[in-house]
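# Remarks on the overall topology
These are the residues of each chain, in order.
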Amino acid sequence: MLQDLINALTAVDASCFIWILVGLSVGIMVGALPGLNPSTGIAIMLPFTYTMQVGPALVMLTSLYFGATFGGSISAILIGVPGTTSSVPTVWDGHAMQKKGEGAKAMGIAAIASMIGGVIGSLLLIVLTNQLADVALAFGNAEYFAICIFGLSIVSRLSGDNMAKCLLSMLLGLLLATVGVDPLWGATRFTFGISNLLEGIDFMPMLIGSFALVSVMKIIEAGGDYNKIYKTQSPKMSKMIPKWREFKHWIRTCLMGSLIGTFIGVLPGAGPTISSFISYNQGKSFSKHPELYGTGYGEAICASESANNSAAPGAIAPMLALGVPGSGSAALLMTAFIMQGIRPGPQLFVTQADLLSTITGSCFYANLLLLVVAIAGIKIWSRIVSIPNNMLIIMMLLFGMMGSFSVNYNMFSVLTMIVAGILGYFLDKCGVDIGPMTLGIVLGYMVEINFRRALQVSNMDVTTFFTSPISAVFLALAVISVVSSLIPGKKQREAKKKTNQEE
């Protein structure tokens, strides 16, 4: 293991560092634009690698993956619109900090947590690639179903004092996830004769509409004055980096998020999105101040950002060792390998050992440099909120429509965004959080398909979910998560007692 680490860290030459910086810069810009994601960025840059040498080409695309994963937090914090699906939990506390005039600080926390998560994930990738790939092989349909149920249990942590509304929001998301062609029997469901719905409702237009369009409606409702809803911040360097006495209490959360992200990242189809939700849930469970989650708490940003950035190297591990990518972006990276005449899999460790060391070593350095590139750009990104109100509204609408259109290159996706925005606005007016709805949409398909396949394989034996040790553990954790959220902690009891006394 030590020799693998030394080989990886010494295999990266000076030219690779240039391509790492290029990949990070492009990735951050792509991730910051709502509707675009790491997969989009890799697909855009893929043709430019045709004439490049193998090492620099793969290093640049891998670095772009990491940069785009972090980039989603920029728009999530500044305008409350997640740039990527994995940055949805970052909206809850990052944008709350922006409203309090601490947007630059929130981005600084996100950058540091992303770096920590990415570095830990990369180190585990270097020394435990084969072992991480074995983890992916240990998961079947029952195990995937259990981990998705565990992910859905986060609703109990988001509910606050109104569990019913959060459950309603989540069930609405699960219902929307069933639209389209039945994955097993081929029957159409809730399509109402609309051919564009046969493949289901696209998640990104829903996400953009639920956040971006709702924000635009709120600004318009406030008379077009952005500052009535959000405060601006003069981005001073002293405010970008959290104080050590404050951040040192969150390191445990970063470590926990990094391990969760790496573990879930290796599972094909799971990736950064599920890991960020689960890490946010677990961060709140073990936090000394769970009542601060959702109010603009830096620790909550650490939980989500460390997880989604450590999941990116984790998703690369099974791709390198088994030829089975852990996420859509890793699948595109695998395409880049094949285009360069390299077939990922066990033979890669024998025939292309030097190239493998270069790739894994660049993952480590890319995540270290991510902090530098991110901090250097915070001053520029923080200026977004100083744009005139009418221009800001137009930009949010324009980028929202562009991002939605780019999903399938048709106007139906834009229409989906508009409908989602109207739905999200009325849900917000009714006091229903749209966070659980987005979680239901993200996990709905995986819950259904793995539940039904597990039953088919076991001849309709429900006990298959409990006889598998991994499945049983995750289902037990889901129950514990829900039950513990119903029992108020010491902080909540004290706050409630204080409120009663004041009344």
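Residues numbered from 1 in each chain as written. Predicted model: local features only at pLDDT ≥ 70, side-chain atom pairs only at ≥ 80, totals over all residues. Heavy atoms only, no water.

Another point: the overall build of the protein chain. The number of helices and strands found in the protein chain is 24 helices and two strands. When burial is assessed residue by residue, the protein chain has 57% of its 503 residues classed as buried. Here the contacts in the protein chain between residues at least 6 apart in sequence split such that 77% fall between residues at least 24 apart. For the protein chain, the exposed surface amounts to about 20,900 Å²; the carbon and sulfur share of it is 66%. (Helix = DSSP H or I, 4+ residues; strand = E, 2+ residues; numbered from the N terminus. Buried < 20%, exposed > 50% of the residue type's maximum accessible area, 1.4 Å probe, protein only. Contact = heavy atoms within 4.5 Å. Areas by Shrake-Rupley, 256 points an atom, 1.4 Å probe, with all protein chains shown as cover.)

Once that is clear, we can look at the packing of helix α7 (residues 141-152) against helix α23 (residues 469-486). Direction vectors running N to C along α7 and α23 enclose 15 degrees, while the axes themselves pass 8 Å from each other. When the axis of α7 is compared with that of α23, the two are roughly parallel. Crossing of α7 against α23: the hand is left-handed. Contact residues: Ala142, Glu143, Phe145, Ala146, Ile147, Ile149 and Phe150 in α7; Ile470, Ser471, Phe474, Leu475, Leu477 and Ala478 in α23. The residue makeup of the contact of α7 with α23, split by class, is eleven nonpolar, one polar and one charged. (Axes fitted to C-alpha atoms, helices over the stretch in contact; angles between N-to-C directions. Parallel < 35°, antiparallel > 145°, perpendicular 65-115°, else oblique. Left-handed = near helix turned anticlockwise from the far one by under 90°. Nonpolar A, V, L, I, M, F, W, Y, C, P; charged D, E, K, R; others polar.)

Side chains of Met391, Ile394, Leu397, Leu398, Met401 and Met402 sit close together on the surface and give an oily, nonpolar patch of about 530 Å² of accessible area. Assignment of secondary structure puts Met391 in helix α19 (residues 389-408). Classification of Met391 by relative accessible area gives partly exposed; the value is 41%. (Patch = residues over 30% accessible without salt bridge, like charges linked within 9 Å, V, L, I, M, F, W, Y side chains within 5 Å. Salt bridge = Lys/Arg side-chain N within 4 Å of Asp/Glu carboxyl O.)

It is worth spelling out helix α10 (residues 203-221) at this point. Helix length check: α10, at 19 residues, gives a terminal C-alpha distance of 26 Å against a target of 27 Å (1.5 Å per residue), a fit within 8%. Along its length, α10 reaches its greatest deviation from straightness, about 30 degrees, at Gly209. Taking burial as the measure, the 19 residues of α10 include 15 buried ones, the bulk of the element. (Expected span 1.5 Å × (residues − 1). Bend = angle between axes of the 7 residues up to and from the residue.)

On to the nonpolar core. Leu61, Phe70, Ile74, Ile147, Ile316 and Leu320 are the most contacted members of the largest nonpolar core, which totals 133 residues. When residues in this core are grouped by element, the largest group, 16 residues, is from helix α6 (residues 103-137). (Core = buried A, V, L, I, M, F, W, Y, C linked by side-chain atoms within 4.5 Å.)

The next thing to look at is the side chain of Asn367. Of note, Asn367 is situated in helix α18 (residues 353-382). Using a relative accessible area of 0% as the deciding quantity, one classes Asn367 as buried. With residues up to four places along the chain from it excluded, the contact list for Asn367 reads Phe66, Ser114, Met115, Gly118, Val119, Ser122 and Pro313.

Turning our eyes to something else, we now look at the side chain of His95. Along the chain, His95 falls in helix α5 (residues 88-99). The class of His95 is buried, set by a relative accessible area of 6%.

Another point: unusual backbone geometry. Although it is not a glycine, Phe190 adopts a positive phi angle of roughly 55 degrees. Mapped onto the elements, Phe190 comes out in the loop between β2 (188-189) and α10. The exposure class of Phe190 is partly exposed, given its relative accessible area of 47%. Positive phi, close to 65 degrees, is recorded for Met460, a residue that is not glycine. Tracing the chain through its elements places Met460 in the loop between α21 (435-457) and α22 (464-467).

Quick look at the packing of aromatic side chains now. Two descriptors summarise a pair of aromatic rings, namely the distance from one centre to the other and the angle between the planes of the rings. Here the structure, examined in full by the defined rule, presents 18 aromatic pairs. Ring centres 5.1 Å apart and planes at 45 degrees place the aromatic pair Phe145 and Phe451 in the tilted group. Here Phe451 lies in helix α21 and Phe145 lies in helix α7, a separation of 306 residues in the sequence. On the accessibility criterion, Phe451 (33% relative accessible area) is partly exposed. Ring plane angle 75 degrees and centroid distance 5.8 Å describe the contact between Tyr293 and Tyr297, whose orientation is recorded as edge-to-face. The pair formed by Tyr293 and Tyr297 is uniform in burial state, with each residue classed as buried. Linked through ring pairs, Trp92, Phe247, Trp250, Phe277, Tyr280, Tyr293 and Tyr297 together constitute an aromatic cluster. (Phe/Tyr/Trp six-rings, centres within 6.5 Å; stacked < 30°, edge-to-face > 60°.)

Glancing now at the environment of Ile147. If you trace the backbone, Ile147 turns up in helix α7. The buried category is assigned to Ile147, whose relative accessible area is 3%. It is 7.3 Å that separates the C-alpha atoms of Ile147 and Ser471, two residues lying 324 residues apart in sequence. Setting aside residues up to four positions removed in sequence, Ile147 forms contacts with Phe139, Phe263, Ile264, Leu267, Ile278 and Phe474.

Angle between the axes and distance between the axes are the two parameters that describe a pair of packed helices. It is at 6 Å that the axes of α6 and helix α15 (residues 298-322) come closest, and there the two elements cross at 30 degrees. Taken together, the axis directions place α6 and α15 in an arrangement best described as roughly parallel. α15 is crossed by α6, and the crossing has right-handed handedness. Here the contact of α6 with α15 is composed, by residue class, of 18 nonpolar, eleven polar and one charged.

Counting along an α-helix, one turn takes 3.6 residues, and residues three or four places apart therefore face a common direction. Relative to the 21 Å expected for 15 residues at 1.5 Å per residue, helix α9 (residues 163-177) spans 21 Å between its end C-alpha atoms, a close match to the ideal helical length. Taken residue by residue, α9 has Cys166, Ser169, Met170, Gly173, Leu176 and Ala177 as its buried positions. Angular distribution of buried residues about the axis of α9 spans 120 degrees; they occupy a single face of the element. Facing away from the buried side of α9, by more than 90 degrees, are the exposed residues Ala164, Leu168 and Leu171. (Arc of directions from axis to C-beta.)

What the rule picks out here adds up to five salt bridges. Arg189 serves as the salt-bridge partner of Asp182, at 3.5 Å between the closest nitrogen and oxygen. Asp182 serves as the salt-bridge partner of Arg452, at 3.0 Å between the closest nitrogen and oxygen. With Arg452 in helix α21 and Asp182 in the loop between β1 (180-181) and β2, this residue pair connects regions lying 270 residues apart in the sequence. Each member of the pair, Arg452 as well as Asp182, is classed as buried. Where salt bridges share partners, they join Asp182, Arg189, Glu448 and Arg452 into one cluster.

The next subject is the confidence of the model for the protein chain. Per-residue confidence for the protein chain gives a mean pLDDT of 81; residues scoring 70 or more make up 89%. This model gives residues 231-235 a pLDDT under 50, and the stretch forms 20 contacts once residues within four places in sequence are excluded. The low-confidence segment residues 499-503 (pLDDT under 50) makes zero contacts with residues lying over four places distant or belonging to another chain. (pLDDT = per-residue confidence, 0-100.)

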